[in-house]
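Residue strings, one per chain:
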Amino acid sequence: MRESKTGDRLATLILAALAALVMLPIWWMFRSSLMTNAELFAYPPPLAPSVWRFGNYRATLENFPFWIYFRNTMTIIIPSVVGGTLTATLAGYAFARLRFPGKDILFMLCIGSMLLPTMVTLIPLYIAWSRGLGLTDSYWPLILPFFCGGGAFNIFLIRQFIRTIPRELDEAAMIDGAGPFRILASIIVPSIKSAMIVVALLLFIGLWNDLLQQMIYINSGKNFTIALGLSQFKGSLQSDWSKIMCATCMSFVPGVVFYLVGQRYFVEGIVMTGLKS
Amino acid sequence: MPNKRKRKEATAAYLCLIPSIIGLIFITYLPLLSVFALSFFNWGSGAPDPKFIGLDNYVRLFTTDPYFLDSLRVTVVFAVLTVIGSMIYSLFIAMLLNRKIPARGFLRAVFYLPYVLPSMAVYIGWSWLYEANFGLFNYFLSLLGAEKMKFIADGRLVVPSLALIGVWLSGNLIVIFLAGLQNVPRVYHEAALIDGANSFQRFRHVTIPCMTPIIFYNLLMALINNMQIVTPALALTNGGPGNESRFITYLMYQSAFINNHLGYGSSVSTVFFVIIAIFTVILFLTSRNWVFYEGDGK
């Protein structure tokens, strides 16, 4: 397509400008974390700090026990992501490859649950966990649901991905006497690694963002997650913006790291699913 | 022999699906039925045991609840603003990213980045940008010679201000649009090019029709997600100023978990479910007129 050369150049320019705009809030939070409050309230506000005060982070850590919150958050996230990815893979495999009675209706029920807002079922689930099973101030209500399929979208994503693998591979293995689970472990899983990483990343982000459930199920300060700790920290400081921005920027780090590790699989993974049908 | 293999396959399938079936029953559909049932009970503070009260919760919700109608309004306004804004923004970015441009992977990562940040930190960070005296946005306003604004502390501006954050966070839509654009068959574009179509005509008559299933999917999911908005109210505004950010999910949280009225909170949930279901059905019905699937013969 010859005629689009100038178009490509224009697109690059617009994207670069927009990218700068999208990054500006994050830069602003970061640069604020390295300044004193007096500098923050100066006019006009400087675009970059005159002195990069990384000491602000040490001072913030004295009142904001980031590492405890980080450990608590990971205690919830790691098993949930593992459980969700695992059970979504199992279900996706069954829907993509295996024949069994009731498949269509089960698949419909599963996809249908994508349309159900999770907030609606919060109260009955809370009653079941807290009054039924006596689990208050506990991580179990946050973790266990992820061992139950890992969400309809993720099951769907895995299923779509598995459908792109040629069936001949399965059949060859079957002739060699491999059962369904052998096939899953030795043929399917190695070829859908990128989809599994996408699912893990989506689960990770979902857990990060689920402030409401964390507020409902976690009560005591020693069990707080990063999100809860940050909320409390903000509430106690009100307008010490320099410290609040330190805590905010610290909270950004784990997600960014996980994303940078997984991101090259990401678009590829979603392209492969086709997301149609 | 084939029968034995069939049985073996079905057994394997059920084994694989046990976790999901448990999830669908106990985490999805049974709680959905329970929330509906609970909404007919008075249960919680002042009523330690559930007591059947028929439709009283609903009557109270629609007639005397001081928050409900406001909360319905602000939720819908927020969702509509955010969905429209983020659909346009993310389709636009995805179309640009789909061209031959340098540093494509890097730019894609930039636009996706906001989505991977923990939302609690995002709202707190933005509350500093929106700060009424020294925030970044007020600095921009001062450059333009405009009056200072209070953004999230101003009843008229809180919903649009939060919607802007919602648009900023919509990187996941970009990725899905991008995936869709990459699946648009090249031959269609080439055929249109041979027929002498300019780039706008190709956008209008090739890209958009091929993309309608993805647009539909993103629209539906963005609507369902944004209707459930609650984090900014929990993190920043506590529903204020006034009721202007008392989103429905926040109202449900307040009734059930702050005021401990589990039955009443369930009636809020049920109404919320019905509203989202209505939106979903409307979207599905209209989709027949504008969503094209390959091989539809249209």
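Residues numbered from 1 in each chain as written. Chains lettered and ligands numbered in written order. Predicted model: local features only at pLDDT ≥ 70, side-chain atom pairs only at ≥ 80, totals over all residues.

**Student:** Run through the overall build of chain B, naming residues and quoting values.
**Tutor:** Assigned secondary structure in chain B consists of 13 helices and two strands. A globule of 298 residues ought to have a C-alpha radius of gyration of about 19 Å, yet chain B, at 24 Å, is considerably larger. C-alpha atoms of chain B, sized along the principal axes, occupy 80 × 75 × 35 Å. Per-residue burial over chain B gives 43% buried out of 298 residues. Within chain B, contacts between residues at least 6 apart in sequence are counted, and of these 67% link residues at least 24 apart. (Helix = DSSP H or I, 4+ residues; strand = E, 2+ residues; numbered from the N terminus. Rg over C-alpha atoms; globule rule 2.2 N^0.38 Å. Buried ≥ 20, exposed ≤ 12 C-beta atoms within 10 Å, placed from the backbone. Contact = placed C-beta atoms within 7 Å.)

**Student:** Please set out the interface of chain A and chain B residue by residue, giving values where relevant.
**Tutor:** In this assembly, 80 residues from chain A lie in contact with 81 residues from chain B. Class assignment for the residues of the side of chain A that touches chain B results in 60 nonpolar, 16 polar and four charged. (Nonpolar A, V, L, I, M, F, W, Y, C, P; charged D, E, K, R; others polar.)

**Student:** Please set out the nonpolar core residue by residue, giving values where relevant.
**Tutor:** Judged by nonpolar contacts, the single largest core of 154 residues is most densely connected at A94, I158 and V199 of chain A together with I174 of chain B. With eleven residues, the single largest contributor to this core is helix α11 (residues 193–209) of chain A. Both domains that furnish three or more residues to this core are identified here as domain 1 (1–53) and domain 2 (64–273) of chain A. If sequence neighbours within four positions are ignored, V199 of chain A has contacts with T85, A88, G150, N154, L157 and I158 of chain A. (Core = buried A, V, L, I, M, F, W, Y, C linked by C-beta atoms within 7 Å. Domains from an automatic or database assignment.)

**Student:** Provide a residue-level description of the pairing of strand β1 (residues 41–44) of chain B, including the pertinent values.
**Tutor:** All names here are of chain B. Looking at chain direction, β1 and strand β2 (residues 47–52) are connected through three bridges and run antiparallel. Its bridge partner being in β2, N42 is matched across the sheet by K51. Where β1 hands over to β2, the hairpin turn is made up of two residues, of which G46 adopts a positive phi near 85°. (Pairing = 2+ DSSP bridges.)

**Student:** I'd like a description of helix α8 (residues 171–182) of chain B, backed by residues and values.
**Tutor:** One turn of the α-helix equals 3.6 residues, which is why residues spaced by three or four share an orientation. Residue and element names in this part refer to chain B. Across its twelve residues, α8 extends 17 Å between first and last C-alpha, which sits within 8% of the 16 Å expected from 1.5 Å per residue. With ten of twelve residues buried, α8 lies mostly within the body of the structure. Of all the residues in α8, the buried ones are G171, N172, L173, I174, V175, I176, F177, L178, A179 and G180. (Expected span 1.5 Å × (residues − 1).)

**Student:** I'd like a description of the confidence of the model for chain A, backed by residues and values.
**Tutor:** Averaged over chain A, the pLDDT score is 88; the fraction of residues at 70 or greater is 95%. Put simply, helix α14 (residues 241–273) of chain A is where chain A has its lowest mean pLDDT, 82, and helix α4 (residues 66–97) of chain A is where it has its highest, 94. (pLDDT = per-residue confidence, 0-100.)

**Student:** So, the domain arrangement of chain A: which residues are in play, and what are the values?
**Tutor:** The extent of an interface is frequently quoted as the accessible surface area lost upon association of the parts. Residue and element names in this part refer to chain A. Split by domain assignment, chain A resolves into domain 1 (1–53) and domain 2 (64–273). On a C-alpha basis, the centroid separation for the pair domain 1 and domain 2 is 32 Å. Every contact between the two is made by eight residues of domain 1 and, on the other side, seven residues of domain 2. For the side of domain 1 that touches domain 2, the secondary structure elements donating two or more residues are α1 (5–33) and α2 (37–40). With four residues, α1 is the largest single contributor of residues to the side of domain 1 that touches domain 2. Taken together, the residues that form the side of domain 1 that touches domain 2 break down as four nonpolar, four polar and no charged.

**Student:** I'd like a rundown of the environment of A94 of chain B, residues and numbers included.
**Tutor:** Residues and elements named next belong to chain B. Following the sequence through the fold, A94 ends up in helix α3 (residues 68–97). Distance in space between the C-alpha atoms of A94 and I176 is 8.7 Å, their sequence separation being 82 residues. Contacts of A94, omitting those with residues within four sequence positions, involve I174, F177, L178 and L181.

**Student:** Hey, could you go over the packing of helix α13 (residues 226–237) of chain A against helix α5 (residues 119–129) of chain B for me, with residue numbers and the actual values?
**Tutor:** At a minimum axis separation of 9 Å, α13 of chain A and α5 of chain B run at an interaxial angle of 25°. Relative to α5 of chain B, α13 of chain A is oriented roughly parallel. The segment α13 of chain A lies against α5 of chain B, with A227, L230, S231 and K234 of chain A engaging M120, A121 and I124 of chain B. Considered class by class, the residues forming the contact of α13 of chain A with α5 of chain B number five nonpolar, one polar and one charged. (Axes fitted to C-alpha atoms, helices over the stretch in contact; angles between N-to-C directions. Parallel < 35°, antiparallel > 145°, perpendicular 65-115°, else oblique.)

**Student:** Would you mind going over unusual backbone geometry in detail, with residue names and values included?
**Tutor:** Of the consecutive residues Y43 of chain A and P44 of chain A, the connecting peptide bond is found in the cis state with omega at -5°. Looking at the element boundaries, P44 of chain A is found in the loop between α2 and α3 (55–63). Cis geometry is found at the peptide bond from G240 of chain B to P241 of chain B, where omega equals -5°. Within the secondary structure, P241 of chain B sits in the loop between α11 (231–237) and α12 (248–258). We note that D137 of chain A has phi near 50°; this positive angle belongs to a residue other than glycine. Note on placement: D137 of chain A falls in the loop between α6 (122–132) and α7 (140–143). Owing to 11 C-beta atoms within 10 Å, D137 of chain A belongs among the exposed residues under this scheme. With phi around 55°, A103 of chain B is a residue other than glycine that occupies positive phi space. Relative to the elements of secondary structure, A103 of chain B occurs in the loop between α3 and α4 (104–116).

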